[in-house]
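Each chain, written out:
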Amino acid sequence: MNQLKKYSSVRLSHLISYSGIGAIFRNVNDQLMVICDTRFWTDRNGKVTAPLLPYVERIKVSLQIHKDLRTPPVAKIGENDQVLGGTIPAVLFPKWTVCPSCNILNYYPWHNTEGTLPGKMHCMECSKKPLLQQVSWCAVSDEGHLSEVPWHRICHQNSPSCRIDYNQKYLKLAVANDGKRIIKCMKKNCRAEHTFEKMPLKNLSRIQPWLPDKPATAEKNSARVIEVNDPLVYQPHTDSGLVIPPESRKNGDTPTNRLLNATEQLREIQAISREMIRKGKIKALARELECTESDVRQAMIDIDQPQESSAINLTPGQLLPDEYNALLTPLDFDESEDFVTRHKTQDWQNLALDVDKDTRLMMTLIDNLVVVDRLREIQVFLGFTRGEMGGEPATDNQDEKQQMVPPDITGEADWIPAIELFGEGVFITLNEQWLKEWEREHVIKLRAQEFSNRYENTADVPTINHLEAVTPRFILLHTLAHLLIRELEATGGYPAASLKERIYTSSASTTMSGILIYTAVADVAGSLGGIVESAEPLAFLSLLEGALKHGQWCSLDPVCSEHEGQGPGWLNRAACHACALVPETSCSYNNVFLDRTFIKGNPEENIPGLMDFLRSNYSG
């Protein structure tokens, strides 16, 4: 039999999303578990093991975050299964198990294995003695609570005289004659039964599986019994931003910054109790990072201290406009910086002089072309919701924050989890001269207004970060971004799931029309340069031409093009999996607000295609 393992690895990117705090995940032993909140991310002395993220003040202010950002602790398994670094605790959930043969329920069969790993348990009621499996059902409330299903209470809705007994195995899962799943009591003097799927509940036994606390009051909206893999069990809420100058210039290759990025090694040294061994480790780290031993000792003190705020102009809510301006501003960069761009606009304009008339007209779509050789993205875990909460667009931003469960459950901690990713990308802006004329077209505005009305009235799509209005400009930029991602996958060899988008569209105070297509990974070395090569003018011309060509036609046309609405809330028109949708991880807007008609046109509705509009109206 394979030996059970105590630790399971989780990707950092998963840890702040669908395998984050409060999420149910399957560990390396094929057991279901729930990740505990940040109050438990400590060492034996109660010290937080999550290192601080440096140089992120602009992102914190822009996202209106008033707490420190810390990266999840990282650990390695050394000799004799010794753990080097910090770990994140998780608990087994659900504790109820079921026999796959007789369907009898067992409550917490591992209760006699305290101090050891919960192993494989067998059903002792069956002759075959098959392995018990955790039940695939849980109880979830709209207030964000998660608890065990009260099987006895559900079964005995109409027979309250039957007492609960955790030591007896008398509850059984079954299917009624009408096909509904039911829970049955096998006691001879009872034989009660009741359906349980989506069963409404007024009281849960716990607020979270790892906490002993019970809900203070009855659930405002009825809790319900659902399967553990139902999307309503867990919805993470995250946000992200790019680190731009001047903060991106401070994270370069200096002894101070090398030490700030060596938190894992510093933690290992901190954990050493014998001074002689600690001194040797300090000397070795000082040689490796080309700094002094006093630098290392000071870094061990500073590692848990908040970073000083940068002396820069910080404006709440200005995340995307600040990034947009940084991407458009030519600067001289050092290769060690975390934001490095090369402006190719002049090369793009020079190339337009050497191509035919139709190609030159197509190139006028693009106003600026920028190669992003290096970027640093910070992804922040804000909290999670369960059930229907957060499903409807909130009219008050504060109300939405109040209904979200924070990373520490109580909201009292002075930090939240975040990760840093490194990568590269290509940034373009559309030409404002033709774009302003195009978005003033009456038929264009009417079609976009349909999207806006549907978004206001739907509960199928959660509130989307940084989206002030659904405008013709935004829908065009978003659709073009998806077409470029799909074309990069087809021609550049990048899987679409590894690419991301950032859409910069005009707000009430700022005029913007930009698209950033990029890739970002947790490795500080970044990615391998494929996107950068595709961003060179000649290569990007081919990319743009292919994207616009594929926007003209879908293998599901004419059905796709003529659709009155598709996707969640009918928030897509001429866009489906065959033409414009991308993997969920690539899209910042839940794969909605897409319409190829804004690119290819629709003669029946007098909507001009982009190229036709340029031929008729552009005078550049």
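Right, let's walk through the structure included here. (Residues numbered from 1 in each chain as written. Predicted model: local features only at pLDDT ≥ 70, side-chain atom pairs only at ≥ 80, totals over all residues. Heavy atoms only, no water.)

### Focus: helix α13 (residues 442–457)
Across its 16 residues, α13 extends 23 Å between first and last C-alpha, which sits within 8% of the 22 Å expected from 1.5 Å per residue. Every buried residue of α13 is listed here: Ile-444, Arg-447, Ala-448, Phe-451, Ser-452 and Tyr-455. Down the axis of α13, the smallest arc covering the buried residues is 145°, so these residues share one side. The outward face of α13, more than 90 degrees from its buried face, is lined by the exposed residues His-442, Glu-456 and Asn-457. Buried positions along α13 lie against α12 (432–439), α14 (472–492) and α17 (597–600). (Helix = DSSP H or I, 4+ residues; strand = E, 2+ residues; numbered from the N terminus. Expected span 1.5 Å × (residues − 1). Buried < 20%, exposed > 50% of the residue type's maximum accessible area, 1.4 Å probe, protein only. Arc of directions from axis to C-beta. Contact = heavy atoms within 4.5 Å.)

### Section: helix α16 (residues 537–550)
Spanning 14 residues, α16 covers 20 Å between terminal C-alpha atoms, matching the ideal 20 Å at 1.5 Å per step. Of all the positions in α16, only Pro-537, Phe-540, Leu-541, Leu-543, Leu-544, Gly-546, Ala-547 and Leu-548 are classed as buried.

### Remarks on a nonpolar patch on the surface
Together, Tyr-107, Ile-164 and Tyr-166 give the surface a local cluster of nonpolar side chains, amounting to about 290 Å² of exposed area. Within the secondary structure, Tyr-166 is located in the loop between α3 (151–155) and β12 (171–175). (Patch = residues over 30% accessible without salt bridge, like charges linked within 9 Å, V, L, I, M, F, W, Y side chains within 5 Å. Areas by Shrake-Rupley, 256 points an atom, 1.4 Å probe, with all protein chains shown as cover. Salt bridge = Lys/Arg side-chain N within 4 Å of Asp/Glu carboxyl O.)

### Digging into the sheet that holds strand β14 (residues 193–195)
Judged by pairing direction, the sheet is antiparallel, and its three strands sit side by side in the order β12-β13-β14 without closing on themselves. The open sheet terminates on both sides in strands that have one partner only, identified here as β12 and β14. Ignoring strand direction, the axes of neighbouring strands in this sheet form an average angle of 25°. In the sheet, β12 pairs with strand β13 (residues 181–185) via five bridges, with the strands oriented antiparallel. (Pairing = 2+ DSSP bridges. Axes fitted to C-alpha atoms, helices over the stretch in contact; angles between N-to-C directions.)

### Focus on the environment of Leu-499
Its place among the elements puts Leu-499 in the loop between α14 and β21 (500–505). Given the relative accessible area of 0%, Leu-499 is considered buried. The spatial distance from the C-alpha of Leu-499 to the C-alpha of Ala-520 is 7.8 Å, given a sequence separation of 21 residues. Those residues in contact with Leu-499 that lie beyond four places of it in its chain are Ile-485, Leu-488, Tyr-494, Tyr-518, Thr-519, Ile-531, Thr-585 and Ser-586.

### Quick look at the sheet that holds strand β10 (residues 137–140)
Taken in spatial order, the four strands line up as β11-β10-β16-β15 in an open sheet, and their pairing is antiparallel. In this open sheet, the two edge strands, each paired with only one partner strand, are β11 (146–147) and β15 (200–201). In this sheet, strand β16 (residues 223–227) lies alongside β15 in antiparallel orientation, the contact comprising two bridges. Looking at β16, one finds that Pro-200 is bridged to Arg-224.

### What about unusual backbone geometry?
Across residues other than glycine, the phi torsion is negative in most instances, and most of the peptide bonds are trans. For the bond running from Phe-93 to Pro-94, omega is 0°, close enough to zero to count as cis. Note that Pro-94 resides in the loop between β6 (90–92) and β7 (96–98). In this chain, Pro-245 is followed by Pro-246 through a cis amide linkage whose omega measures 5°. In this fold, Pro-246 is placed in the loop between β17 (235–242) and α4 (255–260). Positive phi is not limited to glycine here, since Asp-30 has a value of about 65°. Residue position: Asp-30 is located in the loop between β1 (24–26) and β2 (32–35). Positive phi is not limited to glycine here, since Gln-64 has a value of about 55°.

### Here's the deal with the side chain of Lys-500
Relative to the helices and strands, Lys-500 is located in strand β21. Relative accessible area serves as the criterion here: at 14%, Lys-500 is assigned to the buried category. A distance of 3.1 Å separates polar atoms of two side chains, one belonging to Lys-500 and the other to Glu-377. Setting aside chain neighbours within four positions, we find Lys-500 in contact with Glu-377, Gln-379, Leu-421, Ile-485, Leu-516, Ile-517, Tyr-518, Ala-520, Thr-585 and Ser-586. (Polar contact = N/O pair within 3.5 Å; in protein donor to acceptor, adjacent residues only side chain to side chain.)

### Here we look at the nonpolar core
Counting 63 residues, the largest nonpolar core has Trp-434, Trp-438, Leu-476, Phe-540 and Phe-593 as the members making the most contacts within it. The dominant element in this core, judged by the number of residues it contributes, is α14, at 10 residues. (Core = buried A, V, L, I, M, F, W, Y, C linked by side-chain atoms within 4.5 Å.)

### Quick word on the packing of α12 against α14
At their nearest, the axes of α12 and α14 sit 10 Å apart, and the two run at 120° to each other. Considering the angle they form, α12 stands oblique to α14. Residue-level contacts link Glu-432, Trp-434, Leu-435, Lys-436, Trp-438 and Glu-439 of α12 to Pro-472, Arg-473 and Leu-476 of α14. In the contact of α12 with α14, the residues fall into five nonpolar, no polar and four charged. (Parallel < 35°, antiparallel > 145°, perpendicular 65-115°, else oblique. Nonpolar A, V, L, I, M, F, W, Y, C, P; charged D, E, K, R; others polar.)

### Focus: empty space enclosed by the protein
Counted under the stated rule, the structure contains three cavities of 30 Å³ or more. Considered as a void within the structure, the largest cavity measures approximately 80 Å³ in volume. Lining the largest cavity, in full, are Trp-96, Leu-105, Asn-106, Tyr-107, His-152, Ile-164, Asp-165, Tyr-166, Gln-168, Lys-169, Tyr-170 and Leu-171. Partitioning the lining of the largest cavity into residue classes produces seven nonpolar, three polar and two charged. (1 Å grid on protein atoms, 1.4 Å probe; cavity = no way out; pocket = protein on both sides within 12 Å on 5 of 7 lines; lining within 4 Å. Points joined across faces, edges and corners; volume = space filled by probe spheres on them.)

### Section: the packing of aromatic side chains
Under the criterion given, the structure shown has 18 aromatic pairs. Consider the rings of Phe-427 and Tyr-504, whose centres lie 5.9 Å apart with planes at 85°: the pair is edge-to-face. In this pair, Phe-427 sits in strand β20 (residues 415–430) while Tyr-504 sits in strand β21, placing the two residues 77 residues apart along the sequence. Neither Phe-427 nor Tyr-504 differs from the other in exposure class; each is buried. Grouped by ring-pair contacts, the aromatic residues Trp-96, Tyr-107, Tyr-108, Trp-110 and Tyr-166 constitute a single cluster. In this structure, Lys-95 is placed above the aromatic ring of Tyr-108, and the distance from its NZ or CZ to the ring centre is 4.6 Å. (Phe/Tyr/Trp six-rings, centres within 6.5 Å; stacked < 30°, edge-to-face > 60°. Lys NZ or Arg CZ within 6 Å of the ring centre and 35° of its normal.)

### A look at the pattern of salt bridges
The full count for this structure, using the stated rule, is 24 salt bridges. Note that Asp-37 and Arg-39 form a salt bridge whose closest N and O atoms lie 2.9 Å from each other. Overall, Asp-37 belongs to the buried group, its relative accessible area being 0%. Judged by its relative accessible area of 38%, Arg-39 is partly exposed. Among the ionic contacts, a cluster of salt bridges with common partners joins Arg-342, Lys-344, Asp-347, Asp-373 and Glu-536.

### Regarding the pairing of β21
Within a regular strand, side chains alternate between the sheet's two faces. Extensive coverage of β21 is indicated by the burial of six of its six residues. A two-sided burial pattern is seen for β21, the buried positions comprising Lys-500, Arg-502 and Tyr-504 on one face and Glu-501, Ile-503 and Thr-505 on the other. Sheet analysis places β21 next to strand β22 (residues 513–521), joined by six bridges and oriented antiparallel. Bridge pairing in β22 places Arg-502 opposite Leu-516.

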